[in-house]
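# Working through the structure, step by step
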Amino acid sequence: MQARATGLRGNPPPLMARPMKRNTGQNRSITSKWRDATRAVRGGTWRSEQGETSEAIFLTSGYCYDDAHTPAARFAGEEPGMTYSRTQNPSVQMLEERIALMEGAEACRAQASGMAAMSTALLCQLSVGDHMVVARAAFGPTRWVTDNLLPRFGIDCTAVDGRDLDAWKAAIQPNTKVFFFETPANPTMDIVDIRAVCDLAREHGIRSVVDNAFATSALQRPLDLGADVVAYSATKLMDGQGRVLAGAVCGSADFINGVLLPFQRNTGPTLSPFNAWVVLKGLETLDLRAVKQAENALVVGRYLEGRVSRLLHPGLPSHPQHELVKRQMKLSGSIFSFEIAGGRKAAYGLLDALELIDISNNIGDTKSLMTHPASTTHSSLTPEVRADMGVTESMLRISVGLEDPQDLIDDLDQAMKVVGL
Ligand SMILES: *Cc1c(COP(=O)(O)O)cnc(C)c1O
């Protein structure tokens, strides 16, 4: 029977076996010459033989081989190639390479969430009998890990005021292996002097781990300031549109591949390829969003100054560490906190009166979000730990988005009038 040649016209072309040659996003000799904005858009991009413009989503758990020799060689580490998506996936690897380039890191491994990143970054390197020091103002679940989980495995943790270099120094013991802090810290907006604390760690052979979720590489680069490891919740500004949970850990190739990877491949806090793709798309606009949202947060902060009983905004001169912020950050970020008179009752009243800003404990979204940390993000901590951190009943935290800042001010203004402020 004669084949109808025209019958194939409307069919898709056959998948091509020839690899795409111009995979420049994965070539460090090329990407190392790119500037930051270019890396955020193109870093890590790997094109299949189809030459797709946008990064492909490789939604697969496993991989097939042409012959029995190939998987054996890959499992033995003798040939490169994918074996299983708990360990490698092309979409996830694109994200890892892009984040590594943006952060100035040799290597990066993506994680299923920010907390997967924090717990992996700690558990992969600490053992029974070790000690670590944590800045006391930290994300609630991070403090749960350092205060409750690690001690169960014989790992001691001392919490210090992260702003006080002498407190870090005094906490060092012969078995101290890790310094961990976030800056700006959630929700008190404490700032840690990255250079000073990381230099101190290095002098004592201690590895410094920095949670950079509030700033991201768009506003602050801890590795350039002496940090050893940077850990991320990519759920926040990196995705930036409130869609997926994701995390990442960056550092030297020795640490990421030699210490973290064996832990990760055997315990499995792996990021889904779909979520990796969403974050890849988010990173392409990270710089624009981070800068604009930080500018909006300054406008809203200036309005609140004087109208609230206490403002904790790192970008304003009233913040006690404003000079340090100017030294180590490009801009002060989109998140800040404040206190109003009247305790939890007034704080709830203000949240309930909002018409535009959403009540949400998430941050880093294009939509402005506000929360009462003591009853949400920091509710798993004891009242004593909250008091020690400075998380009060009258504290509210706002994450400023991309709306017109005047609309946010109008909303806060009408809500404050409702509670008599
Ligand atoms: C949200 C957050 C985390 C945890 O990230 P998830 O993606 O929610 O698991 C850790 N650290 C900081 C500073 C955060 O804001």
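All figures in this text were calculated on a predicted structure; none of them were measured in a lab.

## Details of the overall build of the protein chain
Within the protein chain, the secondary structure is distributed over 15 helices and twelve strands. When the backbone C-alpha atoms are referred to their principal axes, the protein chain occupies close to 85 × 55 × 35 Å. Expressed as a percentage of the 421 residues in the protein chain, the buried residues total 55%. Relative to all contacts within the protein chain whose residues are 6 or more apart in sequence, the contacts with residues 24 or more apart total 72%.

## With respect to the confidence of the model for the protein chain
Do not read the predicted coordinates in detail wherever pLDDT is low. In the predicted model, the protein chain carries a mean pLDDT of 94, and 95% of its residues have values of at least 70. Confidence over residues 1-7 falls short of pLDDT 50; this stretch has zero contacts with residues more than four positions distant or in other chains.

## Let's talk about the site of the ligand
Residues in close proximity to the ligand total 13 residues, the closest being Gly-114, Met-115, Asp-211, Thr-235 and Lys-236. At 2.8 Å, a side-chain N or O of Lys-236 approaches an oxygen atom of the ligand. Summarising the interface, the protein chains cover 93% of the accessible area of the ligand, which totals 380 Å² for the free molecule.

## Considerations on the sheet that holds strand S1 (residues 107-111)
One open sheet holds the seven strands; their spatial order is S1-S7-S6-S5-S4-S2-S3, and the pairing between them is mixed. Edge positions in the sheet fall to S1 and strand S3 (156-160), since each has one partner strand and no second. Direction aside, neighbouring strands of the sheet carry axes that sit 20 degrees apart on average. Here S1 runs beside strand S7 (residues 247-251); their pairing, made up of five bridges, is antiparallel. Bridging across to S7, Ala-110 finds its partner in Ala-248. Packed onto the sheet, helix H5 (residues 114-123) meets S1, strand S2 (131-135), strand S4 (176-182), strand S5 (207-211), strand S6 (229-233) and S7 and runs at close to 155 degrees relative to S6. This element, helix H9 (residues 253-267), spans S1, S5, S6 and S7 of the sheet and lies at about 25 degrees to S1.

## Here we look at a negative patch on the surface
A contiguous patch of negative charge, built from Asp-66, Asp-67, Glu-78 and Glu-79, is present on the exposed surface. Mapping Glu-79 onto the fold places it in the loop between helix H3 (69-75) and helix H4 (90-103). Among the residues examined, Glu-79 registers a relative accessible area of 31% and is labelled partly exposed.

## So, the domain arrangement of the protein chain
Split by domain assignment, the protein chain resolves into domain 1 (21-75), domain 2 (90-283) and domain 3 (287-418). Between domain 1 and domain 2, the residue contacts involve 20 residues of the former and 18 residues of the latter. The junction of domain 1 with domain 2 conceals about 1,700 Å² of combined surface from both sides, 55% of it contributed by carbon and sulfur atoms. It is Arg-28, Glu-55 and Ile-57 in domain 1 that bury the most area against domain 2; as a group they hold 33% of the surface buried on that side. The interface formed by domain 1 and domain 2 holds four salt bridges in total. Between Glu-55 and Arg-98 there is a salt bridge whose closest N-O contact spans 2.8 Å. The interface formed by domain 1 and domain 2 includes 13 residue pairs in polar contact (both at pLDDT 80 or more).

## Points about the environment of Gln-88
As for its position among the elements, Gln-88 is in the loop between H3 and H4. Judged by relative accessible area, which is 16%, Gln-88 ranks as buried. When the C-alpha positions of Gln-88 and Leu-271 are compared, they lie 10.0 Å apart, and in sequence the two are 183 residues distant. Only 3.0 Å separates the side chain of Gln-88 from the backbone nitrogen of Thr-83, close enough to count as a polar contact.

## A short note on helix H15 (residues 405-418)
Taking 1.5 Å per residue as the helical rise, H15 with its 14 residues ought to reach 20 Å, and the 20 Å between its terminal C-alpha atoms agrees with that figure. Within H15, the full set of buried residues consists of Pro-405, Leu-408, Ile-409, Asp-411, Leu-412, Asp-413, Ala-415 and Met-416. Here the buried face of H15 lies against helix H11 (286-304), helix H13 (343-353), strand S11 (369-371) and strand S12 (395-399). The N-cap residue of H15 is Asp-404: its side-chain oxygen and the backbone nitrogen of Gln-406 are 2.8 Å apart. Two residues or fewer after H15 comes Gly-420, characterised by a positive phi angle close to 75 degrees.

## Points about the packing of aromatic side chains
All told, the structure shown has five aromatic pairs when counted by the stated rule. Ring centres of Trp-46 and Phe-58 lie 5.9 Å apart, and the angle between their planes is 55 degrees; this geometry places the pair in the tilted category. Residue Trp-46 is found in the loop between helix H2 (36-42) and H3, and its partner Phe-58 is found in the loop between H2 and H3; the two are separated by twelve residues along the sequence. According to the relative accessible area criterion, Trp-46 is partly exposed, its value standing at 33%. With a centroid separation of 6.2 Å and an interplanar angle of 35 degrees, the aromatic rings of Phe-274 and Trp-277 are classed as tilted. Of this pair, Phe-274 and Trp-277 are both found in helix H10 (residues 273-283), three residues apart, which corresponds to roughly one turn of the helix.

## Some thoughts on the pairing of S5
Among the five residues in S5, four count as buried, and that is most of the element. Note that the unit made of S4, helix H8 (residues 194-203) and S5 has a crossover that is right-handed.

## Some thoughts on the sheet that holds strand S10 (residues 358-359)
By way of backbone hydrogen bonds, the strands of a sheet pair with one another, either parallel or antiparallel. If you walk across this open sheet you meet the five strands as S8-S9-S12-S11-S10, and the pairing is mixed. In the strand order of this sheet, the two ends are held by strand S8 (310-312) and S10, each with one partner. Here S8 pairs with strand S9 (residues 335-339) via three bridges, running antiparallel. Counted as the bridge partner of Leu-311 is Phe-338 from S9.

What counts, and where the lines are drawn
Residues numbered from 1 in each chain as written. Predicted model: local features only at pLDDT ≥ 70, side-chain atom pairs only at ≥ 80, totals over all residues. Heavy atoms only, no water. Helix = DSSP H or I, 4+ residues; strand = E, 2+ residues; numbered from the N terminus. Buried < 20%, exposed > 50% of the residue type's maximum accessible area, 1.4 Å probe, protein only. Contact = heavy atoms within 4.5 Å. pLDDT = per-residue confidence, 0-100. Near = heavy atom within 4 Å. Polar contact = N/O pair within 3.5 Å; in protein donor to acceptor, adjacent residues only side chain to side chain. Areas by Shrake-Rupley, 256 points an atom, 1.4 Å probe, with all protein chains shown as cover. Pairing = 2+ DSSP bridges. Axes fitted to C-alpha atoms, helices over the stretch in contact; angles between N-to-C directions. Patch = residues over 30% accessible without salt bridge, like charges linked within 9 Å, V, L, I, M, F, W, Y side chains within 5 Å. Salt bridge = Lys/Arg side-chain N within 4 Å of Asp/Glu carboxyl O. Lys, Arg positive; Asp, Glu negative; His and termini not counted. Charge placed at Lys NZ, Arg CZ, Asp CG, Glu CD. Domains from an automatic or database assignment. Buried area = accessible area lost by both parts, 1.4 Å probe. Expected span 1.5 Å × (residues − 1). Phe/Tyr/Trp six-rings, centres within 6.5 Å; stacked < 30°, edge-to-face > 60°. Right-handed = clockwise from strand over helix to strand, strands pointing away.

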